[in-house]
There are 4 protein chains.
Amino acid sequence: MGKRGPKRDEAAEKRILDTTRDLICERGATRVTINEIAEHASVGKQTIYRWWPSKAALVFDALEREIKASSPPPDTGTAYGDVRIQMQRVAKLMNSPLRAILRELIAETFGDDEIAKQFRTLFFAERRRQATATIQAGIDRGELRPDLDLEIVNDLLYSPLWMRMIIGHQELTPKAVDKLLDHVWPAFVLEA
Amino acid sequence: MGKRGPKRDEAAEKRILDTTRDLICERGATRVTINEIAEHASVGKQTIYRWWPSKAALVFDALEREIKASSPPPDTGTAYGDVRIQMQRVAKLMNSPLRAILRELIAETFGDDEIAKQFRTLFFAERRRQATATIQAGIDRGELRPDLDLEIVNDLLYSPLWMRMIIGHQELTPKAVDKLLDHVWPAFVLEA
Amino acid sequence: MGKRGPKRDEAAEKRILDTTRDLICERGATRVTINEIAEHASVGKQTIYRWWPSKAALVFDALEREIKASSPPPDTGTAYGDVRIQMQRVAKLMNSPLRAILRELIAETFGDDEIAKQFRTLFFAERRRQATATIQAGIDRGELRPDLDLEIVNDLLYSPLWMRMIIGHQELTPKAVDKLLDHVWPAFVLEA
Amino acid sequence: MGKRGPKRDEAAEKRILDTTRDLICERGATRVTINEIAEHASVGKQTIYRWWPSKAALVFDALEREIKASSPPPDTGTAYGDVRIQMQRVAKLMNSPLRAILRELIAETFGDDEIAKQFRTLFFAERRRQATATIQAGIDRGELRPDLDLEIVNDLLYSPLWMRMIIGHQELTPKAVDKLLDHVWPAFVLEA
DNA sequence: CGTTAAGCGAGACGGTACGTCCTGTCTTAAC
DNA sequence: GTTAAGACAGGACGTACCGTCTCGCTTAACG
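How each quantity is defined
- Every chain begins its residue count from 1, and numbering advances along the sequence as written.
- Each chain gets a letter, beginning with A, and each ligand a number, beginning with 1, in the order they are written.
- It should be noted that, the model being predicted, local features are given only for residues of pLDDT at least 70 and side-chain atom pairs only at 80 or more, the latter also being counted only at that level, while totals for whole chains, interfaces and linings use all residues.
- Working from all heavy atoms in the structure, the side-chain values ignore hydrogens and water.
- Nearness is judged by heavy atoms alone; a residue qualifies as near a molecule or strand once a single heavy atom is within 4 Å of it.
- A 3.5 Å cut-off defines polar contacts: any pair of N or O atoms within that distance qualifies, except that in protein one atom must be a possible hydrogen donor and the other a possible acceptor, and neighbouring residues in sequence count only when both atoms are side-chain atoms.
- Strands are runs of DSSP state E lasting at least 2 residues, helices are runs of H or I lasting at least 4, and numbering of each runs from the N terminus.
- Charged means Asp, Glu, Lys or Arg here, nonpolar means Ala, Val, Leu, Ile, Met, Phe, Trp, Tyr, Cys or Pro, and polar covers whatever is left, Gly included.
- Salt bridge, as used here, is a side-chain nitrogen of Lys or Arg placed within 4 Å of a carboxyl oxygen of Asp or Glu.
- With a 1.4 Å probe rolled over the protein chains alone, any residue whose accessible area is under 20% of its type maximum counts as buried; one over 50% counts as exposed, and the rest are partly exposed.
- Note on contacts: a residue pair is in contact if any heavy atoms of the two residues lie within 4.5 Å.
- The term buried area means the drop in 1.4 Å probe accessible area that two parts suffer when joined, counted for both and summed.
- Only residues with pLDDT of at least 70 in both copies contribute their C-alpha atoms to the least-squares superposition of the copies.
- In this analysis, axes come from line fits to C-alpha atoms, helices being fitted only over the stretch in contact, and the angle between any two N-to-C directions falls in the range 0 to 180 degrees.
- If an angle is under 35 degrees, it is roughly parallel; if it is over 145, roughly antiparallel; if it lies from 65 to 115, roughly perpendicular; otherwise it is oblique.
- For Phe, Tyr and Trp, rings pair up if their centres lie within 6.5 Å, where Trp contributes its six-membered ring, and each pair is then called stacked (planes under 30 degrees apart), edge-to-face (over 60) or tilted (otherwise).
- Lysine NZ or arginine CZ positioned within 6 Å of the ring centre and within 35 degrees of the ring normal marks a charge as sitting over the ring.

Residues in contact with DNA strand F amount to 44 residues; listed here are only the nearest, A:Lys45, A:Tyr49, C:Lys45, C:Gln46 and D:Trp51. With respect to DNA strand F, the side chain of C:Tyr49 contributes an N or O atom lying 2.8 Å from a phosphate oxygen. Measuring from a phosphate oxygen of DNA strand F, one finds a side-chain N or O atom of D:Thr47 at 2.9 Å. Within the residue set of the surface near DNA strand F, elements represented by two or more residues are helix 2 (34-40) and helix 3 (45-51) of chain A, helix 3 (45-51) of chain B, helix 2 (34-40) and helix 3 (45-51) of chain C together with helix 3 (45-51) of chain D. Within the surface near DNA strand F, the residues separate by chemical class into 11 nonpolar, 16 polar and 17 charged.

Okay, here's the thing in structure tokens:
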């Protein structure tokens, strides 16, 4: 015997997440208020606070929904090719309007331990898992050194992308990404 | 014709910067307000706003003063040794209480383009310059590949440290830092 | 063709009115919300709104039910005696816990013209009608001056009681009520 | 030693009280919000909350300031004449736009014991003191019965006016006030 | 007897106002 | 003449209720 009463209004949920995404993308990180989101989405503030404990959690969901429809893992036949495609995909995301949301999320991470954990486990870890599989396949095929620490390889490949997005000290063009990859790759392959 | 009246009160400035550092270190990133700093430092708010245009600038100064008394560039005789010491130093800073200030600064970076620029040019770039010199010396001595892009080498060495500090997905122990370095280093040395 | 479906649930109605009375009496005027009444009475909010257009109407009914079982008109043989008993009854009500409801009702009166009218016609006028009959009988018996304006006599007798309940500047003890009556009564009797 | 820092801004205070009076008079009791007053008075909400603990206290001050410039006590030579003028003045106030504020205040009285006390002591008691002096003078001159209870006389004279303002069951025209006075007056004069 | 329109407890919804908090500017008395 | 203290205008926050609507269940008159 299921519960009585109205269910969560999914139309309202969609309106809220869409508005959150749109406003953040167009106006940048901190310059969006919950009041605005509520008004713009034609929603009572309480409806937001009922389902999300903080602005960060809301932003998180808005981003997650956007990325969920993710592309299938690449399969070029070589570890190098697969890693390259994955890095380009990540860089492309970081250059899209969603970039503003990613930055916002990282900022929120600092003030809210719960969000930090969520970001780590649900988003960061998820991406890492996929990347890790590609590397492991390369090792198994004998392309890559068998003594690689997968976590470290991940850090070396993706941290530079993240920092460029965060700090903006260098560009994130496809060319720049390739260059990054080519610089580190020799450390991963078996010596001739 | 010298100015009349008291000069900038350096005792007050010190009290402000100390309080900023202490409060941020003890309470974490966002949970410190200008009002609090003023009250805690027994200083009028105006005195803060007179000398710093924003909270971010204040935090920035508080951090800068703390690292100004920096160590001399290492000189172990090898590029590997020097890079290793530099990475360990950065990791140590990121593990100290100042970690909270670093995170705060990055967060402020997002909402304030002026601060972002300052952070890039004065802090990030400064560190890079030092690191870059070490690498260049390695190249000149024939230890490292001459075709290395110094910016990229920097990204590969330090971005993983930054991301570990920001996200906290992996540890930043001396051992872990060594491991990171050893994983990427083969990409930099000349092939046998 | 009579209506289908269940009839009004009288148990729920009773629970609502009881809860309204109890909460208002115990917590005072404004500090009771419809949400609370609904929850406390184990009733859906809609069930309240279905039968009462506003909180004021609900409070009104709660009070009316409480005084409906009113005493029969007094008959002591003299106008003075009858008026005295009526005044004492009113004062007694104003000293009972129902005092809180009476005050609440007057407060609601201000914001809601419909309730103001209802209060005037159904409650205030009702009480006045009874009082008026007593006075008229006194006139008819030759005890009281025939030129009395009944409305004004009513005002003179009961307004002081209401104001003492509302403002609380003087007590409402039986003795005080007698004193009030004795002070004004000479104005009503025929001169010797 | 005296305190440092800025003093209370009397221009802002005036703007707040004026706005409160105007908005309440024009829109009636409950339909005015603190937000509106703040916005309309070009004042931060905090400035209101800094000086008044509640909306009721604010309304109270707005009314008090309005009545402070009160007329001098009447002196017609007879108690009847003086009482008549005083009653007419009160009735006039109750018919003016300030009527809305008086009603609002009484309503607030119910939910806030502190305001109730203030209303009683500062406003109600003040008016009573003046009226009482008039009656006492009448007794001293031998016009009125020496055994009158002044509090009760006050209740008999003014409570009907208050109730007519509150409930609105009868009119408050000058003529009606005279009629009220004439009905009760015989009870106060010495028998022939 | 099954259909079906009410009534029900529960509670999510779009809103409005609240009272608190913080920002960055301005004002005043004290040193 | 700069300082500390702190009042000011402004505006976002998260909470509390409002009155309406929606859900799934129960009840009883109708067909």
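Applying the stated criterion across every chain yields a total of 65 salt bridges over all chains. Taking the shortest distance from any N to any O, the salt bridge between B:Arg141 and B:Glu143 comes out at 2.8 Å. Look at B:Glu143 and you get partly exposed, because its relative accessible area is 26%. With its nearest N and O atoms 3.5 Å apart, the salt bridge here joins C:Lys55 to C:Glu104. You can see C:Lys55 sitting in helix 4 (residues 55-68) and its partner C:Glu104 sitting in helix 6 (residues 99-111), a full 49 residues away along the chain.

With that settled, the discussion passes to the interface of chain C and chain D. Between chain C and chain D, the residue contacts involve 38 residues of the former and 38 residues of the latter. Buried surface at the junction of chain C and chain D, both sides included, amounts to about 3,500 Å², of which 67% is carbon and sulfur. At the junction of chain C and chain D, the tally comes to 4 salt bridges. Measuring nitrogen to oxygen at the nearest pair gives 3.1 Å for the salt bridge that ties D:Asp149 to C:Lys179. At the junction of chain C and chain D, the tally comes to 13 residue pairs in polar contact (both at pLDDT 80 or more). Taken together, the elements giving at least two residues each to the side of chain C that touches chain D come down to helix 6, helix 7 (113-140), helix 8 (150-167) and helix 9 (174-184) of chain C. Broken down by class, the residue content of the side of chain C that touches chain D amounts to 19 nonpolar, 8 polar and 11 charged.

Before going further, it helps to spend a moment on the relation of the copies chain A and chain B. Take chain A, turn it by 179 degrees, move it 0.0 Å along the axis, and it overlays chain B with an RMSD of 0.3 Å. What the superposition gives is, in effect, a two-fold axis relating one chain to the other. Looking at chain A, 100% of its interface residues are interface residues in chain B too, so the copies touch through the same face.

Near DNA strand E, the surroundings consist of 46 residues, among which B:Lys45, B:Gln46, D:Lys45, D:Gln46 and D:Tyr49 are the closest. Within 4 Å of the protein, the atoms of DNA strand E are drawn from sugar and phosphate moieties in a proportion of 61%. In the model, a phosphate oxygen of DNA strand E is placed 3.0 Å from a nitrogen or oxygen of the A:Asp9 main chain. Interatomic distance of 2.8 Å between a side-chain N/O atom of A:Arg50 and a phosphate oxygen of DNA strand E. Elements with a minimum of two residues in the surface near DNA strand E: helix 1 (10-27) and helix 3 of chain A, helix 2 (34-40) and helix 3 of chain B, helix 3 of chain C together with helix 2 (34-40) and helix 3 of chain D. Here the surface near DNA strand E takes 5 residues from helix 3 of chain A, the largest share from any one element.

Next up on the list: the interface of chain A and chain B. Contact residues are listed per partner, giving 37 residues for chain A and 39 residues for chain B. Taken over both partners, the interface formed by chain A and chain B buries close to 3,600 Å², and the fraction arising from carbon and sulfur atoms is 68%. It is A:Phe110, A:Ile167 and A:His183 that lose the most area in chain A upon contact with chain B, and together they represent 21% of the buried surface on that side. In this assembly, chain A and chain B are joined by 4 salt bridges. Counting only elements with at least two residues in the side of chain A that touches chain B, the list comes to helix 6 (99-111), helix 7 (113-140), helix 8 (150-167) and helix 9 (174-184) of chain A. Take the side of chain A that touches chain B: its biggest share by element is 12 residues, from helix 8 of chain A. The class makeup of the residues in the side of chain A that touches chain B is 18 nonpolar, 8 polar and 11 charged.

Let us look at the packing of helix 6 of chain A against helix 8 of chain A. All names here are of chain A. Contact pair helix 6 / helix 8: the axes reach a minimum separation of 10 Å and the direction vectors enclose 95 degrees. Between helix 6 and helix 8, the crossing angle belongs to the class labelled roughly perpendicular. In contact with Arg99, Leu102, Arg103 and Ile106 of helix 6, helix 8 contributes Trp162, Met165 and Ile166. Considering only residue class, the contact of helix 6 with helix 8 consists of 5 nonpolar, no polar and 2 charged.

A few words now on the relation of the copies chain C and chain D. When chain C is brought onto chain D, the operation consists of a screw motion whose angular component is 178 degrees and whose axial shift is 0.1 Å, with 0.4 Å RMSD remaining. Comparing interface residues between copies, 97% of those in chain C also sit at the interface in chain D, which points to an isologous, same-surface contact.

Applying the stated criterion across every chain, the model contains 12 aromatic pairs over all chains. Geometrically, the ring pair formed by B:Tyr80 and B:Trp185 is edge-to-face, given 5.4 Å between the ring centres and 80 degrees between the ring planes. With B:Tyr80 in helix 5 (residues 79-95) and B:Trp185 in the segment after helix 9 (174-184), the pair connects residues that are 105 residues apart, well separated along the chain. Between D:Trp185 and D:Phe188, the ring centres sit 5.8 Å apart and the planes meet at 75 degrees, which makes this aromatic pair edge-to-face. The class of D:Trp185 is buried, set by a relative accessible area of 10%. With relative accessibility at 0%, the residue D:Phe188 sits in the buried group. Connected via pairs of aromatic rings, a cluster forms that spans A:Tyr80, A:Trp185 and A:Phe188. The ring of A:Trp52 carries the charged tip of A:Arg8 above its face, separated from the ring centre by 5.1 Å.

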